[in-house]
Amino acid sequence: MDVAAFTSAPNLSPSPFTSGSPSSRAHRLSLRASRRRRHPLPALRSHPSASAPASVSHHDVVVVGAGIVGLSIARHLLLHTPLSVAVADAAVPCSGATGAGQGYVWMSHRTPGSDTWELAVRSKQLWEDLAAEMDGLGGGGARESLGWMKTGSLLVGRTSEELATLVEKTKVLSQAGINAECLDATSLHALEPALSVGNDGGAMFLPDDRQIDAFQAVSLIEKTNSSYSPKGRYMALYNDPAMSLIRSEVTGRVEAVQTSKNILYGRKAIVVASGAWTRSLLHSFLGPNSTLDIPVKPRKGHLLVLEKFDRLKLNHGIMEVGYVDHQGAKSNSLPLSSKSNEDEDDASSISMTATLNTKGHLVLGSSREFKGFSREVDKSILKSIWDRAGNFFPALNNICLDIDEAKEIRIGHRPYMPDGKPVIGFVPDMSNVLIATGHEGSGLALSLGTAEMVTDMILGNAGRVDFTPFSIENRFSG
Ligand SMILES: Cc1cc2nc3c(=O)[nH]c(=O)nc-3n(C[C@H](O)[C@H](O)[C@H](O)COP(=O)(O)OP(=O)(O)OC[C@H]3O[C@@H](n4cnc5c(N)ncnc54)[C@H](O)[C@@H]3O)c2cc1C
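These lines cover the structure that appears in this document, whether it is placed above or below. (Residues numbered from 1 in each chain as written. Predicted model: local features only at pLDDT ≥ 70, side-chain atom pairs only at ≥ 80, totals over all residues.)

## Brief notes about the overall build of the protein chain
Okay, so step 1: Helix and strand counts for the protein chain stand at 11 helices and 21 strands.
Okay, so step 2: Taken across its 478 residues, the protein chain has 51% of its residues classed as buried.
Okay, so step 3: Looking at the protein chain alone, contacts between residues at least 24 apart form 75% of all its contacts between residues at least 6 apart. (Helix = DSSP H or I, 4+ residues; strand = E, 2+ residues; numbered from the N terminus. Buried ≥ 20, exposed ≤ 12 C-beta atoms within 10 Å, placed from the backbone. Contact = placed C-beta atoms within 7 Å.)

## Quick notes on the site of the ligand
Okay, so step 1: In the vicinity of the ligand lie 45 residues, with Gly67, Gly96, Gly275, Gly301 and Gly443 positioned nearest.
Okay, so step 2: Elements represented by at least two residues in the shell around the ligand include exactly α2 (68-80), β14 (297-306), β17 (362-370), β19 (409-416) and α11 (443-459).
Okay, so step 3: Examining the composition of the shell around the ligand, we find that four residues originate from one element, β19, more than from any other.
Okay, so step 4: In terms of residue class, the shell around the ligand is made up of 21 nonpolar, 20 polar and four charged.
Okay, so step 5: Each of domain 1 (22-101 + 215-295 + 419-470) and domain 2 (147-210 + 297-416) gives at least three residues to the shell around the ligand. (Near = placed C-beta within 6 Å. Nonpolar A, V, L, I, M, F, W, Y, C, P; charged D, E, K, R; others polar. Domains from an automatic or database assignment.)

## Section: the nonpolar core
Okay, so step 1: In this structure, Val63, Ile73, Val271 and Val454 are the most contacted members of the largest nonpolar core, which totals 127 residues.
Okay, so step 2: For this core, the leading source of residues is α11, giving nine residues.
Okay, so step 3: A domain-level breakdown of this core finds at least three residues from each of domain 1 (22-101 + 215-295 + 419-470) and domain 2 (147-210 + 297-416).
Okay, so step 4: Beyond its immediate sequence surroundings of up to four residues, valine 454 is in contact with Ile73, Val271, Ile424, Leu434 and Ala436. (Core = buried A, V, L, I, M, F, W, Y, C linked by C-beta atoms within 7 Å.)

## Brief notes about the packing of α2 against helix α7 (residues 214-226)
Okay, so step 1: At a closest axis distance of 9 Å, the pairing of α2 and α7 adopts a crossing angle of 35 degrees. Viewed along their axes, α2 and α7 form a crossing whose handedness is left-handed. From α2, Ile68, Leu71, Ser72, Ala74, Arg75 and Leu78 reach across to α7, where they touch Ala214, Ala217, Val218, Ile221, Glu222, Thr224 and Asn225.
Okay, so step 2: Of the residues belonging to the contact of α2 with α7, the class tally is eight nonpolar, three polar and two charged. (Axes fitted to C-alpha atoms, helices over the stretch in contact; angles between N-to-C directions. Left-handed = near helix turned anticlockwise from the far one by under 90°.)

## Observations concerning the pairing of strand β3 (residues 55-64)
Okay, so step 1: Sheet topology places β3 next to strand β13 (residues 262-272); nine bridges connect them, and they run parallel. Note on β13: the bridge partner recorded for valine 61 is alanine 269. (Pairing = 2+ DSSP bridges.)

## Some remarks on unusual backbone geometry
Okay, so step 1: In this structure, serine 366 follows glycine 365 across a cis peptide bond, with omega equal to -20 degrees.
Okay, so step 2: By the element assignment, serine 366 lies in strand β17.
Okay, so step 3: Notably, cysteine 94 is not glycine yet its phi reads approximately 75 degrees, a positive angle.
Okay, so step 4: In this fold, cysteine 94 is placed in the loop between β4 (85-88) and β5 (104-105).
Okay, so step 5: Owing to 25 C-beta atoms within 10 Å, cysteine 94 belongs among the buried residues under this scheme.
Okay, so step 6: Not every positive phi belongs to a glycine, and lysine 308 is a case in point at roughly 40 degrees.
Okay, so step 7: Mapping lysine 308 onto the fold places it in the loop between β14 and β15 (317-320).

Below you can see the structure in the form of structure tokens.
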């Protein structure tokens, strides 16, 4: 038996609220206190406090959160409007869920006609456009700048029931204009020899599905955004958590975001795109009298990355059909024994996803569990991910994975919404404060469409995709 070890993950900067800096420590404490005592912070202040840091700057739009969603919003505003933008993050880009993302921009697990369908279609188109633009620049093109791979995807099943589901899904997606084909076990074997689904299984093949690398994509977006800094249109503030909103004493309108080190005035809009941290941040922002509670919560996920893995050759991105329920359900199959005090639900679920990235690393996923913001590596989860992959790729069963030697394990907190769709819209009664979060396991794929939508909302445009399913109004208030 061979022994496989994981690759080494870059040691990302600390997750939000666990930064070693005194300011973010203070912030973490105040948020904890706010949970205990229910909104004790005087968050909506009418003017900066005497102890506030002096660094004041003025922008058209202030974005809180520099994950893929916040950075994409900034990018869209910079590219498509004359507005200036400041982005503030408690840590650094990719320290949230974004840095854990596997990178599939797939339609295979989506449902035509669902609330998120149009956003997914539009967003994928925007990724295609960006990739074409990068390819047009020559050099390494989209592959180098975005980790862009045109592998297509296979949604796979191992039983006749699952194959029946795939046949039906292929029909529905084809009717919705997606290039989709259903494969029986024999045709599937010809396309993806390393995959084993038994005689009764098969797959739905979507040749036009794509993948990105989250780190490369974020780096490209940051580069674009930063190119507006010399023109005075862009400012990025990292390791500087947002702490409160400042209102005008005269009009009562929200005017600025106070961070640990800065006061950022946003003439036109303030966008909260702080992923799974948005609920607690809004509590701090809106104060004790607010009835608005956006129930986004962290859904922890583990991914395994095996560097330059040549023991398995994959031609496509692969996902098991059970993923579709796995993503939507609160929990399913695999109860695990590990518990922590933060557990809200000690059942975890694992569903197989497998991709090879442009560097030849095998990325295996993924788990879903509610464990608060714990970043602890759970070896039993890793073993379950590995074992689950072994059910589909027999070659892995001959390799002994040394989890103690593991170096790259990605852990992130998906912003989970109980009703299964993002929140994108204005806060009721605050004409200039917007929220963009709750993308769960689809934030990479949906980020560019979300950015376009937020830009349209700020400009008062109608928008290409209907805003209604994502709005806050009548969804959470009261
Ligand atoms: C294991 C795993 C695999 C995934 N795979 C995929 C995939 O293949 N395809 C896909 O589309 N999606 C995938 N996702 C989901 C995707 O990663 C997320 O939906 C997406 O990254 C969410 O982006 P975000 O910007 O909303 O949140 P985040 O990336 O979490 O960013 C939020 C940011 O807000 C900052 N913040 C928090 N509090 C404050 C504060 N007070 N002030 C300022 N900043 C603050 C944080 O530091 C953070 O940087 C995956 C997720 C996981 C965990």
